[in-house]
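The primary structure of each chain is shown beneath.
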Amino acid sequence: MQTIGSLSLVPGPDTVTQALGWLETLAERLQWPPRLGFQLGLCLDEALTNVVLYGFQGRAKSANDAEVRIVLAQRGADLLVDIIDNGTAFDPTRQEAPPLAASLEDADIGGHGLRLMRHYLQDIQYHRENGRNHLRMVAKLDS
């Protein structure tokens, strides 16, 4: 496995924007197909938004203690995006996606990010170790 890059952030209002800019820069530099950049950006946005909004909610940690790290690596034709944070434990792989609404009028706003991630990614893995969430998103380089 070859690490391509990593980014450390403090969770806050600009975290997702900074991470997406970083990913976009890497996608351009590495000349990923546009579809792959879109897919990974969408999945990173969804996962990281949930980490920032819910992972540190109601916790008495100072900004210096809250950490989010993103690591991008390649293993053969697989791109691995790891999100590592010290927020509240949460395993999105154990969550069921809500049922699809029969009509637009019946549809709820939100709650469908996991369905999108499962559609665009080859695999989603989670484990918690030493007080940190480790979420791995796996995509095919030739997507």
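Refer to the structure printed above.
Starting afresh in each chain, residues are numbered from 1 along the sequence in its written order. Given that this is a predicted model, residues contribute local features only at a pLDDT of at least 70 and side-chain atom pairs are listed and counted only at 80 or more, while totals for whole chains, interfaces and linings are drawn from all residues. Processing note: side-chain calculations cover all non-hydrogen atoms of the structure and skip hydrogens and water entirely.

Caption draft 1: Region of interest: the sheet that holds strand β2 (residues 68–75). Here the rule is simple: two strands pair whenever DSSP picks up at least two bridges between them. Helical segments are the DSSP runs of H or I of at least four residues, strand segments are the runs of E of at least two, and each set is numbered from the N terminus. Strand order in the open sheet formed by 5 strands is β1-β2-β3-β5-β4, and the pairing between neighbours is antiparallel. Lying at the two open borders of the sheet, with one neighbouring strand each, are β1 (2–9) and β4 (123–129). Sheet twist, expressed as the average angle between the axes of neighbouring strands with direction ignored, equals 15 degrees. Pairing analysis gives 7 bridges linking β1 to β2, with the strands arranged antiparallel. Opposite S6, over in β2, you have V71 as the bridge partner. Running at roughly 155 degrees to β1, helix α1 (residues 15–29) makes contact with β1 and β2 of the sheet. Working rule for contacts: check all heavy atoms of both residues, and any pair within 4.5 Å makes them a contact. Orientation is described by axes fitted as lines to C-alpha atoms, over the contacting stretch for helices, and by angles from 0 to 180 degrees between their N-to-C directions. Across the face of the sheet, helix α2 (residues 34–55) comes into contact with β2, β3 (78–85) and β5 (132–140) while running at roughly 15 degrees to β3.

Caption draft 2: Looking closely at the pattern of salt bridges. Basic side-chain nitrogens of Lys or Arg form a salt bridge, by our definition, when they fall within 4 Å of a carboxyl oxygen of Asp or Glu. According to the stated counting rule, one finds 4 salt bridges in the structure shown. A salt bridge links E67 to R132, with the shortest nitrogen-to-oxygen separation between them at 2.5 Å. In this pair, E67 sits in the loop between α2 and β2 while R132 sits in strand β5, placing the two residues 65 residues apart along the sequence. The partner of R136 in a salt bridge is D82, and the shortest N-O contact between them spans 2.7 Å. Of this pair, R136 sits in strand β5 while D82 sits in strand β3, placing them 54 residues apart in sequence. Residue classification places R136 among the buried positions, given a relative accessible area of 19%. Residue burial is assigned from relative accessible area. The probe radius is 1.4 Å, only protein chains are included, and a residue is buried under 20% of its type maximum, exposed over 50%, and partly exposed in between.

Caption draft 3: Broad picture of unusual backbone geometry. Not every positive phi belongs to a glycine, and Q31 is a case in point at roughly 55 degrees. Mapped onto the elements, Q31 comes out in the loop between α1 and α2. Phi at N130 takes a positive value of approximately 50 degrees, unusual for a residue other than glycine. Looking at the secondary structure, you find N130 in the loop between β4 and β5. Overall, N130 belongs to the exposed group, its relative accessible area being 71%.

Caption draft 4: How the structure looks around the environment of D123. Among the secondary structure elements, D123 is positioned in strand β4. Overall, the relative accessible area of 33% leaves D123 in the partly exposed class. Separated by 30 residues in the primary sequence, D123 and T93 have C-alpha atoms spaced 9.7 Å apart. For D123, the residues in contact, after removing those within four places along its chain, are R136, M137 and V138. Engagement of the side chain of D123 in a polar contact is seen with the side chain of Q125, the distance being 2.7 Å. Any N or O atom pair separated by 3.5 Å or less is treated as a polar contact, with the protein-specific requirement of one donor-capable and one acceptor-capable atom, and with residues adjacent in sequence counted only for side-chain atom pairs.

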